Amino acid sequence: MPTPRRSVLVVAAAVLGVGLAGCGGDEAEAPDSGAASAPASDKKITVYSGRSENLVKPLLEKFTQQTGITVEARYAGTAAMASQLLEEGDRSPADVFFAQDAGALGVVAKKEMFAPLPQEVTAKVPAAYRAKNGAWVGVTARARVLVYNPDLVPAAQLPVSVFDLTKPEWKGKVGVAPTNASFQAFVTAVTVQHGEAKAKQFLAGLKANDAKVYDGNAPIVEDVDGGKLATGLVNHYYLGEISKERGTTPEAMKAKLHFFPNGDSGALVNVAGVGVLKKAAQDPDVRVFVDYLLGTEAQTYFAEQTFEYPVVDGAPAPAFAPALSGLTVPGVDLNDLDPLEATIALIKESGLVP
């Protein structure tokens, strides 16, 4: 089994004297002309990361090396980290929440804990991948796909819809990771798009159809590639990660990716993104962090090294995946993916997890 996701973080040479809430625009109010100037850099920030330490730590080290800004990072699952922020409230030491999915960002944003980001920051990212009110902004995008082994499932027999996977012909042939934040966000999207009854029916159908339960996406892809499992619901980038671990290419892997067509719920595109806590709204070091994440260098890195989709123009898509603009995605607003607790309850009720 490969190690969890690895990547690089990113860092910036942005103007240090500009505060996050000090740029004005439709999504953030400019301070009064008599307001106090932004505080000076103290060369340190605290990041609550819902992304894995193996992914984020190398990035934070680069950030410190290139900017001299020390980062205190705290790691947990995205849902758990969002819950911690809500529990801490105004007492939280966090400056930035770097979340794995939009739903967790929405949970924190709904409690009005984030400062609105300046329009000049959010405007870099398409509207579909950021909060309507500027509370958070996407950094990378990830597509839900069906990974499959063509020796076990010929391409001509692939399902048109993710809901087809509850049919008898798929019994015992599908892997899922119900405790993974990406799967939970997908189930939330099903609820938003089709209603709770449809989501319950789908989850119950997977359970009744003997879906194979995994702790994460990577082992699903490994078992599909090795012929131990026919198909699995995962994010697209895991094929790139595992091929990189093995010193090969995605194209050379036995496992292949099926992107559900026609705006099917199985084709959800979610984002990893950041929100800035209110107390850090004027922190120039935080602005450096956010600006670099949305810069061409970082976006290109994510595409080439972690195989996620960049959300800012100027960076290439992962070579083995179709362009983000070419995907036909379901009509789900990422701003609506915040009822995480309800989704987790639905998944537990289905019996997919204890």
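Each chain has its residues counted from 1, following the order in which its sequence is written. Reporting of local features is limited, given that this is a predicted model, to residues whose pLDDT is at least 70; pairs of side-chain atoms are given and counted only at 80 or more, and all residues count toward the totals for whole chains, interfaces and linings. In computing side-chain values, all of the structure's heavy atoms are included and hydrogens and water are not.

Draft legend 1. Summary view of the overall build of the protein. Strands are runs of DSSP state E lasting at least 2 residues, helices are runs of H or I lasting at least 4, and numbering of each runs from the N terminus. Broken down by element type, the protein carries 11 helices and 10 strands. Any residue under 20% of the maximum accessible area for its type is buried, any over 50% is exposed, and the rest in between are partly exposed; the area is computed with a 1.4 Å probe on protein chains only. Within the protein, buried positions represent 57% of all 354 residues. Note on definitions: a residue-residue contact is assigned when non-hydrogen atoms from the two residues lie within 4.5 Å. Of the contacts formed within the protein by residues at least 6 apart in sequence, a portion of 78% connects residues at least 24 apart. Per-residue accessibility takes into account occlusion by the displayed protein chains alone, with areas from the Shrake-Rupley method and a 1.4 Å probe. When the accessible surface of the protein is split by element, carbon and sulfur atoms take 50% of a total near 14,300 Å².

Draft legend 2. Region of interest: the side chain of Asp164. Locating Asp164 in the fold gives a position in the loop between strand 4 (136-148) and strand 5 (174-176). A distance of 3.3 Å separates a polar atom in the side chain of Asp164 from the backbone nitrogen of Val160. If near-sequence neighbours (up to four positions away) are discounted, Asp164 is found in contact with Pro159 and Trp170. Polar contacts, as used here, are pairs of N or O atoms within 3.5 Å; protein pairs need one atom able to donate a hydrogen and one able to accept it. Residues neighboring in sequence count only if both atoms are side-chain atoms.

Draft legend 3. Highlighting the packing of aromatic side chains. Each aromatic pair joins two rings of Phe, Tyr and Trp (for Trp, the six-membered one) with centres within 6.5 Å, and gets the label stacked for planes under 30 degrees apart, edge-to-face for over 60, and tilted for any other angle. In this structure the tally under the stated criterion is seven aromatic pairs. Centre to centre, the rings of Phe183 and Phe186 are 5.8 Å apart; their planes meet at 65°, and the pair counts as edge-to-face. Of this pair, Phe183 and Phe186 both sit in helix 5 (residues 181-194), three residues apart, which is roughly one turn of that helix. Overall, the relative accessible area of 2% leaves Phe186 in the buried class. Plain terms: the ring middles of Phe186 and Phe202 are 5.8 Å apart, the flat faces sit at 90° to each other, and that makes the pair edge-to-face. Of this pair, Phe186 sits in helix 5 while Phe202 sits in helix 6 (residues 196-208); the two residues are 16 residues apart in sequence, bridging distant segments of the chain. The pair formed by Phe186 and Phe202 is uniform in burial state, with each residue classed as buried. Cluster of aromatic residues (ring-pair linked, three or more members): Phe163, Phe183, Phe186 and Phe202. Working rule: Lys NZ or Arg CZ, within 6 Å of ring centre, within 35 degrees of ring normal, means a charge sits over the ring. Directly above the aromatic system of Phe163 lies the positively charged group of Lys198, at a separation of 4.4 Å from the ring centroid.

Draft legend 4. Region of the structure containing the pattern of salt bridges. The salt bridge criterion pairs a side-chain nitrogen of Lys or Arg with a carboxyl oxygen of Asp or Glu, the two atoms within 4 Å. Evaluation of the coordinates by the stated rule reveals 16 salt bridges. Measuring nitrogen to oxygen at the nearest pair gives 3.3 Å for the salt bridge that ties Glu72 to Arg74. The exposure class assigned to Arg74 is partly exposed, which follows from its relative accessible area of 30%. Across the pair Asp333 and Lys132 runs a salt bridge whose closest N-O atoms are separated by 2.9 Å.

Draft legend 5. Fine view of empty space enclosed by the protein. Throughout, the protein atoms alone are placed on a 1 Å grid, and a set of points is a cavity if a 1.4 Å probe fits but cannot get out or a pocket if it is open with protein on both sides within 12 Å along at least five of seven lines; lining residues have an atom within 4 Å of a point. Grid points are joined across faces, edges and corners, and a volume is the space filled by probe spheres set on the points. For the structure on display, the rule yields one cavity of 30 Å³ or more. The calculated volume of the largest cavity comes to roughly 40 Å³. Taken together, Arg142, Arg144, Ser182, Ala185, Phe186, Asn235, Leu268 and Asn270 make up the lining of the largest cavity. Elements with a minimum of two residues in the lining of the largest cavity: strand 4 and helix 5.

Draft legend 6. Focus on helix 2 (residues 78-88). Within the span of helix 2, buried status applies to Thr78, Met81, Ala82, Leu85 and Glu88. When helix 2 is viewed along its axis, its buried side chains cluster within an angular range of 130° and face the same direction. The arc in question is traced by the directions running from the helix axis to the C-beta atoms.

Draft legend 7. Unusual backbone geometry, seen in detail. We note that Glu112 has phi near 60°; this positive angle belongs to a residue other than glycine. Positive phi values are uncommon outside glycine, yet Asn262 reaches one of about 60°. Along the chain, Asn262 turns up in the loop between strand 8 (256-258) and strand 9 (269-276).

Draft legend 8. Main features of the packing of helix 5 against helix 11 (residues 340-350). The N-to-C vectors of helix 5 and helix 11 enclose an angle of 100°; their axes lie 9 Å apart at closest approach. In terms of axis orientation, helix 5 runs roughly perpendicular to helix 11. Contacts between helix 5 and helix 11 involve Phe183, Gln184, Val187, Thr188 and Thr191 from the former and Thr343, Ile344, Leu346 and Ile347 from the latter. Grouping the constituent residues of the contact of helix 5 with helix 11 by class yields five nonpolar, four polar and no charged. A fitted line through C-alpha atoms represents every axis, and for helices the fit uses only the stretch in contact; the resulting angles, taken between N-to-C directions, go from 0 to 180 degrees. Relative orientations are named as follows: roughly parallel for angles under 35 degrees, roughly antiparallel for angles over 145 degrees, roughly perpendicular for angles from 65 to 115 degrees, and oblique for any other angle. Residue type decides the class: Asp, Glu, Lys and Arg count as charged, Ala, Val, Leu, Ile, Met, Phe, Trp, Tyr, Cys and Pro as nonpolar, and the leftover types, Gly among them, as polar.

Draft legend 9. A look at the environment of Lys111. Mapped onto the fold, Lys111 is located in the loop between helix 3 (102-110) and helix 4 (119-122). Given a relative accessible area of 57%, Lys111 falls into the exposed group. Along the sequence, Lys111 and Leu86 sit 25 residues apart, while their C-alpha atoms lie 7.7 Å from each other.

Draft legend 10. Looking closely at the nonpolar core. By size, the foremost hydrophobic cluster in this structure holds 111 residues, and its most contacted members are Phe97, Trp136, Phe186 and Leu233. Sort the elements by how many residues they give to this core and strand 4 lands first, with nine residues. Residue contacts for Phe186: discarding those within four places in its chain leaves Arg144, Val162, Phe202, Leu233, Ser265, Gly266 and Leu268. In plain words, nonpolar cores are sets of buried Ala, Val, Leu, Ile, Met, Phe, Trp, Tyr and Cys residues tied together by side-chain atoms within 4.5 Å.

Draft legend 11. Layout of the pairing of strand 2 (residues 70-75). Bridge count for strand 1 (residues 44-49) against strand 2 is six bridges, and the pairing is parallel. By the bridge assignment, Val47 is partnered in strand 2 with Ala73. You can see the chain leave strand 1, run along helix 1 (residues 53-67) and come back into strand 2, and the turn it takes is right-handed. Here the rule is simple: two strands pair whenever DSSP picks up at least two bridges between them. Orienting the strands away from the viewer, one traces the path from the first strand over the helix to the second; a clockwise path indicates a right-handed crossover.

So far we have only geometry, and geometry alone does not tell us how the molecule works.
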